[in-house]
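Close look at the chain arrangement
As a plain string of letters, each chain reads:
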Amino acid sequence: MPLSRSLSMTSLSGVLPSWEDDELPVEDLLLFEVAWEVTNKVGGIYTVIQTKAKITADEWGENYYMIGPYFEQNFQTQVEACEPPNPTIRKAMNTLIENGCQVHFGHWLIEGSPYVILFDIASAAWNLERWKGDLWQTCNIGLPYHDREANDSLILGSLIAWFVSYKVRDHQNCCCVDGTDVVTPNGLNVKKFSAMHEFQNLHSTSKARIQEFVRGHFYGHLDFNLEKTLFFFIAGRYEFSNKGADIFLESLSRLNYMLRVRNDVTVVVFFIMPAETNNFNVESLKGQAVRKQLWDTAHTVKEKFGKKLYDALLKGTIPDMNSILDRDDFTIMKRAIYATQRHSLPPVTTHNMLKDSTDPILSNIRRIGLFNARSDRVKIIFHPEFLSSTSPLLPMDYEDFVRGCHLGVFPSYYEPWGYTPGECTVMGIPSVTTNLSGFGCFMEEHVSDPAAYGIYVMDRRFRSADDSCNQLTQFMFSFCQQSRRQRIIQRNRTERLSDLLDWRYLGRFYIHARHLALSRAFPEKFKMDPIAPLKVSNTVQKKREFVNE
């Protein structure tokens, strides 16, 4: 795993007292939270720190600082620059600046408006070889010369250590908690996603928009019933094995066989994973253009038909249906029908891939033979960039897209937490996760029957790859057999789990971790409540009992 990701996932927290003499007035504390994704969106950790900032800022006020890397574009669009109000912070920053390392400070423009301290990695790159030597001498860890992520992570970590050591060099006044002490689950700002009783309507609205895209993408091959079509998706960083795309594709091949012989349901599967492309491919754009042309033609004919029908009814007569459309109308409709003729299969990807022949997803699609043929009941669409409402192809934001799907599938082989199934849950969309993800383990522990609430937990810890693949196939096939009414009921049950994932409750694990750190560093000043862990567990237990009622 790249060190840059490792930094962001651990989201290290430390507390540092501020003082001007030899005395340690530990009542005056500063909390630092370090992550690679502070103001820098890469993956799910960005959501963690962004949504958690409010509850942490409410607890710590202006003594809460988030630390990360400086990127000019991110700073200009997300940060309001200001001077550090704390003299200790200001002096530490000036020390680095005087030594040629640029440091930037300001308010991150998110809920809670936390202070951010951002280090310019490029300005300190001249120290890289020395810091590599220090890392080798201290830990016997060497970094490859051309590994940009590892080098940047080392520079950022060294700058932070330099910054913090400015005031703690001669004092033991920094404390932290080891990860085997407290497990800190990742929550969500559920209020952002809350739609009360409207989430079912939002699902229908967003589903209709996805259906319009599908009509265009599969023009000329739209011989399946969209009312009996389910939309599955997988999304995230393009880590083919870690994210479980390999086992997902194999399971889709098996699901395709089962649906062809036993069911009339069609499944359209979206892979939303950014990869190297040079543009949308012509066939995908043409499909949407053909769809729009057909829509315009239908409306033109409908308006003429409607006017003639209206005039006839006003005269008290029923029009002759054979004469209500003239020759020009039939010509327009025939021309539109000819435009839908297609001599190739609908593309499995929406973009021109730069590494088409070696791309893992496309290579496995070729291996399993899912090319969107008419006989396939599983259709695949690989969308190799993140979704945007400004896209000319699929103009939807990620949140709207998720609401319109029926099932999110995230069979990760490695996932410290896994935000994507959590986001599905708070929007009332069932999902597949694994017992090798933090989210999956959390749900197994706190929900008596996760599958009944639309959380299907795959066993990738104790089963072979083939057995796990069969389990995923069965999950998806069982889901396909549900009636529309059963899916609506399940979505209602899934949405009920939202409160279990809210930072209002899960934030208490972080509060407990910080109190534990202070009690260990300053036992005379901070007494740890011996039943504090029990209180934290009881809070979540009450939510679990409510959910399982």
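To start, this report covers the structure provided alongside it. Bear in mind the structure is a predicted one, so any value in this text is a computation, not a measurement.

Quick look at the packing of helix α2 (residues 44-60) against helix α18 (residues 503-521) now. One can describe the packing of α2 onto α18 by two numbers: an axis separation of 10 Å at closest approach and a directional angle of 65 degrees. The crossing of α2 and α18 is right-handed. For the pair α2 and α18, contact is made by V48, T51, K52, I55, T56, E59 and W60 and by W503, G507, Y510, I511, R514 and H515, respectively. Among the residues forming the contact of α2 with α18, the class breakdown is 6 nonpolar, 4 polar and 3 charged.

Attention now moves to the pairing of strand β5 (residues 103-108). Both strand β4 (residues 79-81) and β5 contribute to a ladder of 3 bridges, which runs antiparallel. Looking at β5, one finds that A81 is bridged to G106. Pairing analysis gives 5 bridges linking β5 to strand β6 (residues 115-119), with the strands arranged antiparallel. When the sheet's bridge partners are listed, G106 is paired in β6 with V116. Between β5 and β6, which pair antiparallel and follow one another directly, the connecting turn spans 6 residues, one of which, G112, has a positive phi of 100 degrees.

Let's shift gears to the pattern of salt bridges. With the rule as written, the count across this model stands at 26 salt bridges. Between E59 and R514 there is a salt bridge; the shortest N-O distance is 2.6 Å. With a gap of 455 residues between them, E59 in helix α2 and R514 in helix α18 connect regions that are remote in the sequence. When its relative accessible area of 7% is taken as the criterion, R514 is described as buried. Here R215 makes a salt bridge to E212, at a shortest N to O gap of 2.4 Å. Here the residue R215 and the residue E212 both occupy positions in helix α8 (residues 199-217), the gap between them amounting to 3 residues, near one helical turn. The network of salt bridges with common partners includes E250, R254, R367 and D466.

This part takes up the sheet that holds strand β14 (residues 455-458). Pairing in this open sheet of 6 strands is parallel, and the strands run β11-β8-β7-β12-β13-β14 from one edge to the other. What marks the edges here is a single partner per strand, and that holds for β11 (378-383) and β14. Shown here is a sheet whose adjacent strand axes are inclined to one another by a mean of 25 degrees, direction ignored. Here strand β7 (residues 229-235) runs beside strand β8 (residues 266-272); their pairing, made up of 7 bridges, is parallel. Bridge assignment links F233 to a residue of β8, and that residue is F270.

Relative to the assigned elements, T340 resides in the loop between α11 (327-339) and β10 (351-353). You can call T340 buried: its relative accessible area is 18%. Residues contacting T340, with those up to four places away along its chain left out, are Y219, G220, V290 and L294.

Scanning the entire structure with this criterion turns up 23 aromatic pairs. One aromatic cluster in this structure is built from F213, F231, F233, F270, Y398, F401 and F410. Lying over the aromatic face of Y510, K52 brings its terminal NZ or CZ to 4.7 Å of the ring centre.

Thresholds, definitions, all that
- What you see as residue numbers is a count from 1 along each chain, following the sequence as written.
- Since the coordinates come from a predicted model, pLDDT governs what is reported: local features require at least 70, and pairs of side-chain atoms require 80 or more to be given and counted, while whole-chain, interface and lining totals use all residues.
- Side-chain measures here rest on the full set of heavy atoms in the structure, leaving out hydrogens and waters.
- Interaxial angles span 0 to 180 degrees and are taken between N-to-C directions of axes, which are lines fitted to C-alpha atoms, for helices over the stretch in contact.
- Labels follow the DSSP assignment, with helices taken as runs of H or I lasting at least four residues and strands as runs of E lasting at least two, numbered in each case from the N terminus.
- Two helices that cross are described as forming a left-handed crossing if the nearer one is turned anticlockwise from the farther one by less than a right angle, and a right-handed crossing if clockwise.
- The contact rule is simple, with two residues in contact once any of their heavy atoms fall within 4.5 Å.
- Ten residue types, Ala, Val, Leu, Ile, Met, Phe, Trp, Tyr, Cys and Pro, are classed as nonpolar, four, Asp, Glu, Lys and Arg, as charged, and the remainder, Gly among them, as polar.
- When DSSP locates at least two bridges between a pair of strands, those strands are taken to pair.
- The rule for a salt bridge is simple: a side-chain nitrogen of Lys or Arg has to be within 4 Å of a carboxyl oxygen of Asp or Glu.
- Type-normalised accessible area, obtained with a 1.4 Å probe on protein chains alone, sets the label of each residue: buried when under 20%, exposed when over 50%, and partly exposed for intermediate values.
- Aromatic pairing here means that ring centres of Phe, Tyr or Trp (its six-membered ring) are within 6.5 Å. Orientation follows from the plane angle: under 30 degrees is stacked, over 60 is edge-to-face, and everything else is tilted.
- Only when the NZ of Lys or the CZ of Arg is both within 6 Å of the ring centre and within 35 degrees of the ring normal is a charge said to sit over the ring.

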